[in-house]
Amino acid sequence: MKLIETKSLAIPAVKVVRFGRFMDQRGYFTEPYRSSDLHQDPMTDFLHDVTFLQQNESYSEAGVVRGLHFQWSPHMGKFVRTIRGRMVDVVLDIRKGSPTLGKIIAYDMPDVLTADYSEWIWVPSGFAHGNFFTEPSTIEYFCTAEYSPTTEAGISPVAPDIDWSLCDPVLKEKFDALISSNPNMSDKDRDGQSLGQWL
């Protein structure tokens, strides 16, 4: 795995891991994941003690909004990337006592076939996670726990008490435009709790 860089987002516990693609006239080859690199490289020290127990893949049509999901007992962190298409990942801090409690951020993760890199986003436990899609997209994510339907919950991404002040305003505009155009959402997500109800 050719690690290029890591960076913290506006909520510092949420990280982006950029890895390289080996490009030539045929296309590219890449190692999106190698356990030893992520668990030993100083750039990814926040993953050194992380074990992934489940891998998921999801396809979404353009105009889909998913989330905001989280799980406890066991807590679940997620390591997410776009395989094809364009995902905007959305992360809400629900950690009690956190200075960014109730704040949400978004990160644009298009797959660009001609780019010499791709990216993962690391969403540790303590966050509600979702995404929206501006084109048909396939994503995959590694989870630090197995799915537990009796200890999972959601906060509606349209809950009025979410604080968007840390979010990239361009991505917030895209989200608002999608929401105003009758997005493709499950009833469970649209009718999820408010932040205050969960807290």
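The preceding data block contains the structure.
Read on for a plain summary of the structure. (Residues numbered from 1 in each chain as written. Predicted model: local features only at pLDDT ≥ 70, side-chain atom pairs only at ≥ 80, totals over all residues. Heavy atoms only, no water.)

Turning our eyes to something else, we now look at the sheet that holds strand 6 (residues 65–71). Spatially, five strands are ordered 9-8-11-6-13 in an open sheet, and the strand pairing comes out antiparallel. Of all strands in the sheet, those with a lone pairing partner are strand 9 (104–110) and strand 13 (152–154), marking the two edges. Within the sheet, the average angular offset between the axes of one strand and its neighbour, ignoring direction, is 25°. Inspection of the sheet shows strand 6 paired to strand 13 by three bridges, in the antiparallel sense. Bridge assignment links His69 to a residue of strand 13, and that residue is Gly154. Packed onto the sheet, helix 2 (residues 169–180) meets strand 6, strand 8 (86–93), strand 9 and strand 11 (127–133) and runs at close to 70° relative to strand 11. (Pairing = 2+ DSSP bridges. Helix = DSSP H or I, 4+ residues; strand = E, 2+ residues; numbered from the N terminus. Axes fitted to C-alpha atoms, helices over the stretch in contact; angles between N-to-C directions. Contact = heavy atoms within 4.5 Å.)

Attention shifts here to the environment of Pro136. Relative to the helices and strands, Pro136 is located in the loop between strand 11 and strand 12 (137–143). Its relative accessible area of 43% is what places Pro136 among the partly exposed residues. Residues Pro136 and Met87, 49 residues apart in the sequence, show an inter-C-alpha distance of 9.1 Å. When near neighbours in sequence (up to four residues on either side) are disregarded, Pro136 contacts Tyr59, Ser60, Glu61, Ala62, Arg84 and Gly85. (Buried < 20%, exposed > 50% of the residue type's maximum accessible area, 1.4 Å probe, protein only.)

With that out of the way, let us pick up the sheet that holds strand 12. Think of a sheet as strands paired side by side through backbone hydrogen bonds, with each pair either parallel or antiparallel. In spatial order, the strands read 1-2-10-7-12-5; together these six strands make up an open sheet with antiparallel pairing. If you trace the sheet from one side to the other, it starts and ends with strand 1 (3–8) and strand 5 (54–60), each paired once. Between one strand and the next, the sheet's axes are offset by a mean angle of 20°, whatever the strand orientation. Relative to strand 2 (residues 15–20), strand 1 runs antiparallel, the two being bridged by five bridges. Considered in strand 2, the bridge of Lys7 is made with Val16.

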